[in-house]
Number of protein chains: 2
Amino acid sequence: MSKLLRVNTRKKTFLFEEPGNSISSLGGRGLTSRMILDEVPADCHPLSRDNKIVIAPGILTGTPAANSSRLSVGSKSPLTGGIKESNSGGLVSYKLARLGIKAIVLEDKPEDDAWSMIIIKKNSVEILPADEYIGKGTNEMVEKMWAKYGDKVGVMCIGAAGEQRLSAASIQLADPHGRPGRAIGRGGLGAVMGSKKIKVIIVDDKGAEKVEMADKEAFKAASKAWAKMLADHPVTGQGLPGFGTAILVNIINEAGALPTKNFRSGRFEHAKDISGEKMVELIKERGGVVSEGCCPGCVIKCSQSYNDKDGNYLTSGFEYETIWAAGAHTMIKDMDDIAMLDRICDDVGVDTIDCCVALGIAMEGGVIEWGDGKAAIELLKKVGTDDPMGRIIGNGAHFTGQALGVDRVPTCKKQALPAYDPRAVKGVGVTYATTPMGADHTAGYGVTANILSVGGTVDPFEKPGNIDLSKNLQIATAAVDSAGFCLFVAFAVLDTENALQLIADMVNGRYGTRITPDDIIELGKSVLKSEYEFNEKAGFTKVDDQLPAFFKEQFPPHNVTWDYSIDELQEAKNF
Amino acid sequence: MSKLLRVNTRKKTFLFEEPGNSISSLGGRGLTSRMILDEVPADCHPLSRDNKIVIAPGILTGTPAANSSRLSVGSKSPLTGGIKESNSGGLVSYKLARLGIKAIVLEDKPEDDAWSMIIIKKNSVEILPADEYIGKGTNEMVEKMWAKYGDKVGVMCIGAAGEQRLSAASIQLADPHGRPGRAIGRGGLGAVMGSKKIKVIIVDDKGAEKVEMADKEAFKAASKAWAKMLADHPVTGQGLPGFGTAILVNIINEAGALPTKNFRSGRFEHAKDISGEKMVELIKERGGVVSEGCCPGCVIKCSQSYNDKDGNYLTSGFEYETIWAAGAHTMIKDMDDIAMLDRICDDVGVDTIDCCVALGIAMEGGVIEWGDGKAAIELLKKVGTDDPMGRIIGNGAHFTGQALGVDRVPTCKKQALPAYDPRAVKGVGVTYATTPMGADHTAGYGVTANILSVGGTVDPFEKPGNIDLSKNLQIATAAVDSAGFCLFVAFAVLDTENALQLIADMVNGRYGTRITPDDIIELGKSVLKSEYEFNEKAGFTKVDDQLPAFFKEQFPPHNVTWDYSIDELQEAKNF
């Protein structure tokens, strides 16, 4: 049975612990949210010694199940003040699962200024001084860690933003190609890691056995059907591998839902210049990689390597949401400028969405001009330095709005809205408003039925059906995030009748349990309820489950508005 | 009957309106809180066009009642996100009352960058361009306004901080001596005025009649007894006129309750260097003024003029809380440095408490050294400039804590705690936690019975009696703030059996009503209930009615702690 690894960051001690009954069957987001609810005082300061970080592989992580290697990181968020789970790919999750580690729990915080690193191997845990790495970017960190601890070790680290405990700081994970492009991006969990003065965690699974299987054959049969399902679906089998998530730029622009110039319009006249198609064209011209996986067992491979004009590597994991935030939102139309903004965010360790939305707020406040990519790059480069403007941008969009006295700030629960206008994609708008995570498209991706005709169709402009769409997706997503699956499996799952049964079969094959598809849905509900409970204890009310008033404005080209009442929105949490 | 003056700041139009029945008998805080509750959507952005500012004299303002010329300003606070009333002296309140203006209501906000000023005279209201004054400090503003519109006109204006819409921006009022040392300080209402692009409001009551009296003789009798009561009480008759509020430095230090080095100890070793006694000594040496009034009809005269070493005027309204925040809190022990910090705050227009507490947070975060007055002055001078560090400090202590990743930040509802440690003066601690205003000593000044033996005695270190002490004071204060009285009348009121009857008699003499002391208490309760209702609609819960966890630490020299449960504190709002 896998164990909890508790690390006291003040005393530099650790211990392994059997998980109690209440959490023994949990993994991923289900585990992190339960433990944060149980162990962290909801009203504590997120950067205080009372906060914890829980780092957990999913229920199926470590098995050969396709796309099951996501890593969940949970904590009280310095950005939202509520509970947070953020998940990403990379190598750490798979390796932790193989080492039989159910979760790493970072506790307490140091009184002094000494930094540490944690090195986890099959038969050892070391907590060593890390002062020599302070100030280093995540690209250099991954390079140095692989050079010192071996190629392909799992690396999760913070950049200078996390060291400074900025509220939009990320934790960056090395992908299988040695690049830190995978981010525990949202909610500022890098700041919590920084408050505990942990610069980097290394996970080396050398010598680990395969994870145990209660029924190897049953698992194998389900797993094979699962992989085939992913390969056969047009989104996971063709769209995402072909153009990455940036395939959405043209689709969402065409739908009139690409928020442009700080959510003033749904069409960006230069959308084609920042599209997935354009990205692929540039990658091919410059000798990059169009399609690669970000974690072990990935069959979708929506990541890529993007090179600059001279053919030198610039960035990877170049996502639609980043391209939108740094592009249409700010009116920047040069793909290389946008790629540079992505690289800087990853290297200094901040959320691309919150900080690039913040760049747009800086434009709104007159600090730099709309569309000026070079000025945006210079501004973003201040993050992690002594320049106080870097501390402003690095604390995200809400904070930047307050600093500059700007009242048009697209956030919910202080987290920046992502790349789909809530007025024109109401299914995801309801998710922004009501998820306990703060505005987050991944928490209930209504774009599926609203735009992509995946899992049915629901009119994106009208209210009917969108509360239920968001609610059901939020429940399903909480389960998907607990299993350790990449969210993108959902495209295929939503269109495949027996998909939940396949997941149940894989879990049963792994653990010898007898769970059903209904149990998976119940798991999703219980995860959300834990999160609601934490946020209520932290002081959240239904008032926090609303979008800013300016979304009542008509949104061109379809002139749709956001007109949910406060009580209508609460229906999305009623299950 | 007095009228509302509504100004549309977008259209540059105004109208006079008869107050409706629900507000016709209200004034001061009672009026501002009721109108904000009724007219401002509680969940709006404080800097958006949906917010309003209500500027109201008290019920007795304009009469000869001693110390009845306070001005209440209400709005949704950009600092706390809740309802706010902040009141101050100066000339505007008295003059508005004499002009028969029940309140000025600033509505909407401009779409362009043009600034305006409002000039109110007996038979005219003008809304004129004010761009020529942008960037000017409040000292220069008052000087220019008096030169142009006549000595002794009422002036309320914002400095550069309000123009930048910083969350700790104040509105400064000219006192009768032509200095902008009186502040609508707390809660950032200067930022709301800035969002409406109103730089200054001038009120000239030339030609105004005396306010009407329903029963002149009855009023006169009560008013005379009222003035005598104030003159006879040792605090209002001797202590405050003799040494200003700074008389408290030695008293609170002696009590072990003077928060030193960001609330680490209750004794500051250099307290005598920053005491009221020291201040008076320096004022006398340098030809300043020890005691002067800040508004018409003041018989207490706790203000002063403080000159620099060369005998040049430096600052006025040099309050205990400012001296504490800029002094013991930051470990600065040079009175002239502290006076300079006070002057800068007033001139650029920020709350001395929130911004000087922020300077201590900057010390906590390593930006400058503890006790370095010169560095603090340089840092504070950045406020209102293009330097982003100025935007950080100017947004107050909570914001500065987030910018610097500091988790030891003494705030409640994001407003900085004032100059009495809640552990060692529990009566005021309960007020900090539970007042709808955010941490505010003036909302229920438990120092009275806790330290000064005014209105009885309650042990400051132990829980018993302190919930009731705070509750009763909060209720009484809400009434005092509605009448237009200076809070300092409370010292005498609490020790005088028929004081509430005197207030009732004055109100009845003025308006021909038949109110009783019980009605005054009921008024206080109803004001608080309006404020609770607004804050609940804005998303506040009992979780917000708590102090930061670090107050559980033992506080030397008496090693007291803050150990109220969340539900115990709610008792202070149960009436």
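In this text the structure is predicted, and so the values were computed from the model without any measurement.

Novice: Break down the overall build of chain A for me, citing the residues and quoting the values.
Specialist: Of the regular secondary structure elements, chain A holds 22 helices and 17 strands. In terms of principal-axis extent, the alpha carbons of chain A reach across some 55 × 55 × 50 Å. Within the span of chain A, comprising 575 residues, buried residues form 64% of the whole. Counting contacts in chain A only where the partners sit at least 6 residues apart, residues at least 24 apart contribute 71% of the total.

Novice: Go over unusual backbone geometry, please, and point to the residues and values.
Specialist: All names here are of chain A. That bond from P556 to P557 is cis: its omega, 5 degrees, falls within 30 degrees of zero. In this fold, P557 is placed in the loop between α21 (517-537) and α22 (566-570). For F263, which is not glycine, the phi dihedral falls at a positive 65 degrees. For F263, the location among the structural elements is in the loop between α8 (248-254) and α9 (276-285).

Novice: Any chance you could break down the domain arrangement of chain A for me, citing the residues and the numbers?
Specialist: Residue and element names in this part refer to chain A. We note that the domain assignment places domain 1 (3-203) and domain 2 (242-419) within chain A. Distance from the C-alpha centre of domain 1 to the C-alpha centre of domain 2: 25 Å. Counting from both sides, the interface comprises 41 residues of domain 1 and, opposite them, 33 residues of domain 2. Contributing elements (two or more residues each) for the side of domain 1 that touches domain 2: α2 (92-98), α3 (138-149), α4 (160-163) and β11 (182-184).

Novice: Would you mind going over the sheet that holds strand β7 (residues 116-121) of chain A in detail, with residue names and values included?
Specialist: Residues and elements named next belong to chain A. If you trace the 6 strands from one edge of the open sheet to the other, you get β8-β7-β12-β9-β10-β11, paired in mixed fashion. The open sheet has two free edges, formed respectively by β8 (124-129) and β11, since each of these has just one partner strand. Strand-to-strand, the axes of this sheet are offset by a mean angle of 20 degrees, without reference to chain direction. Across 3 bridges, strand β10 (residues 171-173) lies against β11 in antiparallel orientation. Looking at β11, one finds that Q172 is bridged to A183. Contacts from α3 reach β7, β9 (154-157), β10 and β12 (198-203) within the one sheet, and its direction differs from that of β9 by about 145 degrees.

Novice: Explain the interface of chain B and chain A to me, using residue names and the numbers behind them.
Specialist: Often, the extent of an interface is quoted as the loss of accessible area upon association of its parts. Every contact between the two is made by 29 residues of chain B and, on the other side, 29 residues of chain A. Looking at the side of chain B that touches chain A, the elements with two or more residues in it are α14 (388-394) and α15 (396-404) of chain B. Considering every element that reaches the side of chain B that touches chain A, the biggest residue donor is α14 of chain B, with 4 residues. Broken down by class, the residue content of the side of chain B that touches chain A amounts to 13 nonpolar, 10 polar and 6 charged.

Novice: Pulling in residues and values, what's your account of α15 of chain B?
Specialist: Each full turn of the α-helix corresponds to 3.6 residues, which orients residues three or four apart in the same direction. Counting buried positions along α15 of chain B yields 9 of 9 residues, so the element is predominantly enclosed. Within the span of α15 of chain B, buried status applies to G396, A397, H398, F399, T400, G401, Q402, A403 and L404 of chain B. Buried residues along α15 of chain B sit in contact with α14 (388-393) and α15 (396-404) of chain A together with α12 (352-364), α14, β16 (411-412) and β17 (415-416) of chain B. G405 of chain B occupies a position one or two residues after α15 of chain B and carries a positive phi of about 65 degrees.

Novice: Outline the nonpolar core, listing residues and values.
Specialist: One finds V155 of chain A together with V155 of chain B to be the most contacted residues of the largest nonpolar core, which totals 374 residues. Those residues in contact with V155 of chain A that sit more than four places away from it in its chain are M141, V142, M145, L173, A174, V200 and I202 of chain A.

Novice: Run through the packing of helix α18 (residues 466-483) of chain B against helix α21 (residues 517-537) of chain B, naming residues and quoting values.
Specialist: Residue and element names in this part refer to chain B. At a closest axis distance of 7 Å, the pairing of α18 and α21 adopts a crossing angle of 95 degrees. Overall, the two elements α18 and α21 adopt an arrangement that is roughly perpendicular. Note on element contacts: α21 touches α18 through I520, I521, L523, G524, K525, V527 and L528, opposite Q474, I475, A476, A478, A479 and S482. Looking at the contact of α18 with α21 residue by residue, the classes come out as 9 nonpolar, 3 polar and 1 charged.

Novice: Please provide a residue-by-residue account of the pairing of strand β6 (residues 101-107) of chain B, values included.
Specialist: Residue and element names in this part refer to chain B. Most of β6 sits inside the fold, with 7 of its 7 residues counted as buried. Bridge count between strand β1 (residues 3-8) and β6: 6 bridges; the pairing is parallel. Bridging across to β6, K3 finds its partner in I101. Of the strand pairs in this sheet, strand β3 (residues 53-57) and β6 are connected by 3 bridges, and their pairing is antiparallel. Bridge assignment links I53 to a residue of β6, and that residue is L106.

Novice: Break down the sheet that holds strand β8 (residues 124-129) of chain B for me, with residues and values.
Specialist: All names here are of chain B. Read across the sheet, 6 strands follow the order β8-β7-β12-β9-β10-β11 without closing on themselves; strand pairing throughout is mixed. With partners counted over all chains shown, the strands left at the sheet margins are β8 and β11 (182-184), one partner each. Strand after strand, the sheet turns through a mean of 20 degrees between neighbouring axes, direction not considered. For strand β9 (residues 154-157) and strand β10 (residues 171-173), the ladder comprises 2 bridges, and the chain directions are antiparallel. Looking across to β10, one finds that C157 is bridged to Q172. Of the strands in this sheet, β7 (116-121), β9, β10 and β12 (198-203) touch helix α3 (residues 138-149), which is tilted by about 145 degrees from β9.

Novice: Give a detailed account of the relation of the copies chain B and chain A, specifying residues and quantitative values.
Specialist: Under the fitted operation, chain B is carried onto chain A by 0.0 Å of movement along the axis and a turn of 180 degrees, and the coordinates agree to an RMSD of 0.0 Å. Expressed as a symmetry operation, the mapping of one chain copy onto the other fits a two-fold axis. Judged by C-alpha distance, P388 of chain B is the residue of chain B that lies nearest the rotation axis, at 2.8 Å. A shared binding surface is used by both copies, with 100% of the interface residues of chain B retained as interface residues in chain A.

Novice: Explain the environment of I283 of chain B residue by residue, including any values.
Specialist: Residues and elements named next belong to chain B. Relative to the helices and strands, I283 is located in helix α9 (residues 276-285). Here the alpha-carbon distance between I283 and Q304, two residues 21 residues apart in the chain, equals 8.4 Å. Apart from the residues lying within four places of it in its own chain, the contact partners of I283 are G288, V289, V290, Q304 and Y306.

Novice: Please give an account of the environment of A416 of chain B that cites residues and values.
Specialist: Residue and element names in this part refer to chain B. Take A416: it is sitting in strand β17. C-beta crowding within 10 Å serves as the criterion here: with 33 such atoms nearby, A416 is assigned to the buried category. With residues up to four places along the chain from it excluded, the contact list for A416 reads I353, D354, V357, G396, A397, P410, T411 and A439.

Novice: Account for α3 of chain B, naming residues and giving values.
Specialist: Residue and element names in this part refer to chain B. Between the first and last C-alpha of α3 there are 16 Å, a value that for 12 residues agrees with the 16 Å anticipated at 1.5 Å per step. Where α3 is buried, its residues meet β9, β10, β12 and α11 (335-348). Of the residues one or two after α3, G150 is the one with positive phi, at around 105 degrees.

Novice: Explain the confidence of the model for chain A to me, using residue names and the numbers behind them.
Specialist: Per-residue pLDDT for chain A averages 97, and the proportion of residues at 70 or more is 100%. Taken together, the chains of this predicted complex give a pTM of 0.98 and an interface ipTM of 0.96.

Novice: Residues and numbers for the pairing of β12 of chain B, please.
Specialist: Residues and elements named next belong to chain B. Burial analysis of β12 places 6 of its 6 residues in the buried class, the great majority of the element. In the sheet, β7 pairs with β12 via 5 bridges, with the strands oriented parallel. Across the sheet, residue S116 finds its bridge partner in β12, namely I198. One ladder, built from 4 bridges, connects β9 with β12; its direction is antiparallel. Opposite C157, over in β12, you have V200 as the bridge partner.

Novice: Pulling in residues and values, what's your account of the packing of helix α1 (residues 28-39) of chain B against α18 of chain B?
Specialist: All names here are of chain B. At a minimum axis distance of 4 Å, the contact between α1 and α18 shows a crossing angle of 95 degrees. In terms of orientation, α1 lies roughly perpendicular with respect to α18. Of the residues in α18, those in contact with G28, R29 and G30 of α1 are A478, D481, S482 and A483. Broken down by class, the residue content of the contact of α1 with α18 amounts to 2 nonpolar, 3 polar and 2 charged.

Novice: If you had to explain the environment of G509 of chain B to someone new, which residues and values would you point to?
Specialist: Residue and element names in this part refer to chain B. If you trace the backbone, G509 turns up in helix α20 (residues 499-511). Under the C-beta neighbour-count criterion, G509 is labelled buried, with 23 such atoms within 10 Å. Leave out the neighbours within four places in its chain, and G509 touches M213, A214, D215, A218, F219 and A222.

Calculation criteria
- Residues numbered from 1 in each chain as written.
- Chains lettered and ligands numbered in written order.
- Predicted model: local features only at pLDDT ≥ 70, side-chain atom pairs only at ≥ 80, totals over all residues.
- Helix = DSSP H or I, 4+ residues; strand = E, 2+ residues; numbered from the N terminus.
- Buried ≥ 20, exposed ≤ 12 C-beta atoms within 10 Å, placed from the backbone.
- Contact = placed C-beta atoms within 7 Å.
- Domains from an automatic or database assignment.
- Pairing = 2+ DSSP bridges.
- Axes fitted to C-alpha atoms, helices over the stretch in contact; angles between N-to-C directions.
- Nonpolar A, V, L, I, M, F, W, Y, C, P; charged D, E, K, R; others polar.
- Core = buried A, V, L, I, M, F, W, Y, C linked by C-beta atoms within 7 Å.
- Parallel < 35°, antiparallel > 145°, perpendicular 65-115°, else oblique.
- Least-squares fit on C-alpha atoms with pLDDT ≥ 70 in both.
- Expected span 1.5 Å × (residues − 1).
- pLDDT = per-residue confidence, 0-100.

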